[in-house]
Amino acid sequence: MIAIKDLKLLATARLADTELLYSHHRYDAATYLCGYAVELALKARICKTLKWPGFPESNKEFQGFQCLKTHDLAVLLDFSG
């Protein structure tokens, strides 16, 4: 399980990476990493909404929650509250 605090730290780090890439005109890479930062932030929000200490990482932890094992923005937004 990846802790909420760690999800937030990763999201912040990826956003900093995005800003650096963008400032060096690496727009495609910046866009990709920005999407990853949003995904991490949404997963942290899902944990808060569902009152979970962290987001599942392993197949065993995902048992019963397969619908959350996704990168689909619409699904993540639905669960984020």
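Structure first, text after, so check above.
For clarity, every value in this text was computed on a predicted model and none was experimentally measured.

What counts as what
- Residues numbered from 1 in each chain as written.
- Predicted model: local features only at pLDDT ≥ 70, side-chain atom pairs only at ≥ 80, totals over all residues.
- Heavy atoms only, no water.
- Core = buried A, V, L, I, M, F, W, Y, C linked by side-chain atoms within 4.5 Å.
- Buried < 20%, exposed > 50% of the residue type's maximum accessible area, 1.4 Å probe, protein only.
- Helix = DSSP H or I, 4+ residues; strand = E, 2+ residues; numbered from the N terminus.
- Contact = heavy atoms within 4.5 Å.
- Phe/Tyr/Trp six-rings, centres within 6.5 Å; stacked < 30°, edge-to-face > 60°.
- Salt bridge = Lys/Arg side-chain N within 4 Å of Asp/Glu carboxyl O.

Visitor: Requested: an account of the nonpolar core, with residues and values cited.
Guide: By size, the foremost hydrophobic cluster in this structure holds 13 residues, and its most contacted members are Leu7, Ile46, Cys47, Phe55 and Leu68. Listed by contribution, the elements that provide at least two residues to this core are α1 (4-23) and α2 (27-50). It is α2 that contributes the most residues to this core, 5 residues altogether. Residues contacting Ile46, with those up to four places away along its chain left out, are Phe55, Leu68, Leu76, Phe79 and Ser80.

Visitor: Summarise the environment of Gly54; cite the residues concerned and give the values.
Guide: Residue position: Gly54 is located in strand β2 (residues 54-55). Distance in space between the C-alpha atoms of Gly54 and Ile4 is 5.1 Å, their sequence separation being 50 residues. Beyond its immediate chain neighbours, meaning those up to four positions away, Gly54 contacts Met1, Ile2, Ala3, Ile4 and Cys47.

Visitor: Requested: an account of the packing of aromatic side chains, with residues and values cited.
Guide: On inspection of all chains with the given rule, the structure shows 4 aromatic pairs. Consider the rings of Trp52 and Phe65, whose centres lie 4.9 Å apart with planes at 75 degrees: the pair is edge-to-face. With Trp52 in the loop between α2 and β2 and Phe65 in the loop between β2 and α3 (73-80), this pair connects stretches of sequence that are 13 residues apart. Judged by its relative accessible area of 18%, Trp52 falls in the buried class. Using a relative accessible area of 35% as the deciding quantity, one classes Phe65 as partly exposed. Between Phe55 and Phe62, the aromatic rings sit 5.9 Å apart at their centres with planes inclined by 75 degrees, giving edge-to-face as the arrangement. We note that Phe55, like Phe62, is buried. Connected via pairs of aromatic rings, a cluster forms that spans Trp52, Phe55, Phe62 and Phe65.

Visitor: Run through the pattern of salt bridges, naming residues and quoting values.
Guide: Scanning the model with the defined rule gives 2 salt bridges in all. With its nearest N and O atoms 2.9 Å apart, the salt bridge here joins Asp17 to Arg14. Of this pair, Asp17 and Arg14 are both found in helix α1, 3 residues apart, which corresponds to roughly one turn of the helix. With a closest N to O distance of 2.9 Å, Lys43 and Glu39 form a salt bridge. With Lys43 and Glu39 both in helix α2, this residue pair falls 4 residues apart, about one helical turn. Accessibility classification places Lys43 together with Glu39 in one group, the buried group.

Any functional reading would require information that these geometric values do not contain.
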